[in-house]
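Structural overview for review
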Amino acid sequence: MEATATYRRKNVGQVFTPVPLVKLILDFAGYTGNSIFQKHIIDNSCGEGAFLVEAVHRYCRLFLGISQNKSRLRKELATYIHGIEIDEQTYARCLQRLDDAALTYGLRNVRWDIVCANSLHIETYDGRMDFVVGNPPYVRVHNLQDNYTDVKQYAFADKGMTDLYLVFYEISFRMMRENGRMAVITPSSWLTSKAGEALRTFLAHSRKLKKVIDLGHQQAFDGVSTYTLISYFENHPEDDTLYYYVYEGSEVLPRFITRLAPSDFIIHGDFYLGTTDRLTYMRHIREGSFPRIVQVKNGFATLADNVFIGTVPTSPLTIPILKASTGVWTKGLFPYTPQGTPLTWNDIQALPTVREYFTAHREELQKHHPKDKEWHLYGRTQALRDVCKDKVAVNTLIRDAGSLKINPVAPGCGLYSGLYLLGSDYAQVRRLLETDDFLDYVALLRNYKSGGYYTFSSKALEQYINYQLNRQNGQPEK
């Protein structure tokens, strides 16, 4: 049973939505009170029917508060409640749950408009839905199997490592009627990812995005590690204002933060969420053009860390190596000149201890290395030519100032599992990064990791450092 559930999560994208979130999303969509009467609602990846069951309860309570004509109510449920589910077993479970919900109100034999099919192939509901709600499937492109060709034909799936939920945005927009509304919970990565670029471009022009609820680090689904956002859209909004909320499980309702204009949250083609002053700050960093005082690069990357780093023989090629992510020093073999030029196997043979060590690990190294003649090398060139320079190492997984690991790395020493800065010194880097300002900046990037941590790229750090240094120097933007 667990293996089946894992398969469905990975290949079909089945992740069932907790009831409190279902209710919150329906409220967010405006599917409440008299606004739902004789209005079409669909969940186009309905699973076991969590959203539709709640919709049935809401519709029945509203109707029976006005009339006791159950024959008419039965007909309206069949007319206005819609769903699509691809998995046959889950589809059958959805129908059973809807029957159970209807029976609560004394209704039997409702002819539900729930279709067992692939939403990628369904056009029946296009332009007809007043409300589109749900939790679209999360499946990465390499797990799409038979649907890969179909998915790549969608406009929102033409960039990067596509996730199926991006295609469901496109399907859902297509289903909305003239004044339709949509509220869905999806990964928040589309705000800044390469894969989400087409969706962001569409929204930047259409202005359909009206409200977002940021769940931050909160894990919305049991057994699934993902960072989510609830988004609300209108087909023809009256203005382009975006209302930004945050929500934590301990809170009864989402907490309103601020109203944002597109010029506030659309920065360099990406979408950012925060207060207007922090977003203005982010815009200066992302879109400003300053002299590049400091370079930020990635540390060593080898094809076999366990061979090159750690328990290695002492030799002329052995150098101190820092694991930047932990701040722990070890040693490693550096089969290059001090300036980073690769040594040949003939060079290695002149060093018996190193030759014997590499020979003992030759099979493992050749298994990973694409070039037979260079099997004794790292297989990656990054950071090699900077071993001879002064550097400052920084870890990329942080939660607070206390989790920052900043270390000087002297000439002749290397580092891996982190970033390093050239053109700055240890004291200066600490002064710039051990601040609430930097932590706020990293949080705005929204690269979430488990345990309340964030991560950031070399480009993001380089932009921040150079912005700060140029501002301190009074250097105007180019």
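Structural notes, computed from the coordinates. (Residues numbered from 1 in each chain as written. Predicted model: local features only at pLDDT ≥ 70, side-chain atom pairs only at ≥ 80, totals over all residues. Heavy atoms only, no water.)

**Focus on the overall build of the protein**
Along its length, the protein carries 17 helices and 21 strands. Of all 478 residues assigned to the protein, the portion counted as buried reaches 52%. Taking the contacts inside the protein whose residues are at least 6 apart along the sequence as the reference set, 70% of them involve residues at least 24 apart. About 21800 Å² of surface is accessible on the protein, with carbon and sulfur atoms providing 48% of the total. (Helix = DSSP H or I, 4+ residues; strand = E, 2+ residues; numbered from the N terminus. Buried < 20%, exposed > 50% of the residue type's maximum accessible area, 1.4 Å probe, protein only. Contact = heavy atoms within 4.5 Å. Areas by Shrake-Rupley, 256 points an atom, 1.4 Å probe, with all protein chains shown as cover.)

**A short note on the packing of helix 3 (residues 50-64) against helix 5 (residues 88-103)**
Their axes nearest at 9 Å, the elements helix 3 and helix 5 cross at an angle of 15°. The pairing of helix 3 with helix 5 is recorded here as roughly parallel in orientation. Here helix 3 and helix 5 pass one another in a crossing that is right-handed. Together, Ala-50, Leu-52, Val-53, Val-56 and His-57 of helix 3 and Arg-97, Leu-98, Ala-101 and Ala-102 of helix 5 make up the contact between the two elements. (Axes fitted to C-alpha atoms, helices over the stretch in contact; angles between N-to-C directions. Parallel < 35°, antiparallel > 145°, perpendicular 65-115°, else oblique. Left-handed = near helix turned anticlockwise from the far one by under 90°.)

**So, the environment of Arg-283**
Note on placement: Arg-283 falls in helix 10 (residues 276-287). Considering only alpha carbons, one finds Arg-283 and His-268, 15 residues apart in sequence, at a separation of 7.9 Å. Among all residues touching Arg-283, those that are not within four sequence positions of it are Pro-262, Ser-263, Asp-264, Phe-265, Ile-266, Ile-267 and Gly-288.

**Notes on the pattern of salt bridges**
A full pass over the atoms with the stated rule returns 17 salt bridges. For the salt bridge of Lys-297 with Asp-386, the shortest nitrogen-to-oxygen distance reads 3.1 Å. Of the two residues, Lys-297 sits in strand 12 (residues 295-298) while Asp-386 sits in the loop between helix 14 (362-368) and strand 15 (391-394), which places them 89 residues apart along the sequence. Look at Lys-297 and you get partly exposed, because its relative accessible area is 28%. Each of Asp-27, Glu-54 and Arg-58 takes part in a single network of salt bridges with overlapping partners. (Salt bridge = Lys/Arg side-chain N within 4 Å of Asp/Glu carboxyl O.)

**Observations concerning helix 4 (residues 70-80)**
Every buried residue belonging to helix 4 is among Leu-73, Glu-76, Leu-77 and Tyr-80, and all of these are buried. Along helix 4, the residues classed as buried sweep out an arc of 105° about the axis, all on the same side. Looking at helix 4, the residues exposed on the side facing more than 90 degrees away from the buried face are Ser-71 and Lys-75. Those residues of helix 4 that are buried are in contact with strand 1 (41-43), helix 3 and strand 2 (81-85). (Arc of directions from axis to C-beta.)

**Some details on helix 7 (residues 164-175)**
Its twelve residues give helix 7 an end-to-end C-alpha distance of 17 Å, which sits within 8% of 16 Å, the value for a rise of 1.5 Å per residue. The buried fraction of helix 7 amounts to eleven of the twelve residues, a majority that puts the element mostly inside the structure. Every buried residue of helix 7 is accounted for by Leu-164, Tyr-165, Leu-166, Val-167, Phe-168, Tyr-169, Glu-170, Ile-171, Ser-172, Phe-173 and Met-175. (Expected span 1.5 Å × (residues − 1).)

**Things to note about the packing of aromatic side chains**
Inspection of every chain in the model, using the stated rule, returns 37 aromatic pairs. Here the aromatic rings of Phe-334 and Tyr-336 are separated by 5.0 Å at their centres, their planes lie at 45°, and the arrangement is tilted. Here Phe-334 matches Tyr-336 in class, with each residue buried. Among the aromatic residues, those joined into a cluster by ring pairs are Tyr-138, Phe-156, Tyr-165, Tyr-169, Phe-173, Trp-190, Phe-202, Phe-233, Phe-265 and Phe-271. Taking NZ or CZ as reference, Lys-211 lies 4.5 Å from the ring centre of Phe-28, over its face. Just above the ring of Tyr-232 sits the side chain of Lys-211; from NZ or CZ to the centre is 4.5 Å. (Phe/Tyr/Trp six-rings, centres within 6.5 Å; stacked < 30°, edge-to-face > 60°. Lys NZ or Arg CZ within 6 Å of the ring centre and 35° of its normal.)

**Examining the sheet that holds strand 12**
Taken together, the four strands give an open sheet; going across it, the order is 12-19-15-17, and neighbouring strands pair in antiparallel fashion. Two strands close off the open sheet at either side, each with one partner strand: strand 12 and strand 17 (406-409). Strand after strand, the sheet turns through a mean of 30° between neighbouring axes, direction not considered. By the bridge criterion, four bridges tie strand 12 to strand 19 (residues 419-422) in an arrangement that is antiparallel. Of the residues in strand 19, the one forming a bridge with Lys-297 is Tyr-420. In this fold helix 17 (residues 458-472) packs onto strand 12 and strand 19, with an angle of close to 165° to the strand it touches most, strand 12. (Pairing = 2+ DSSP bridges.)

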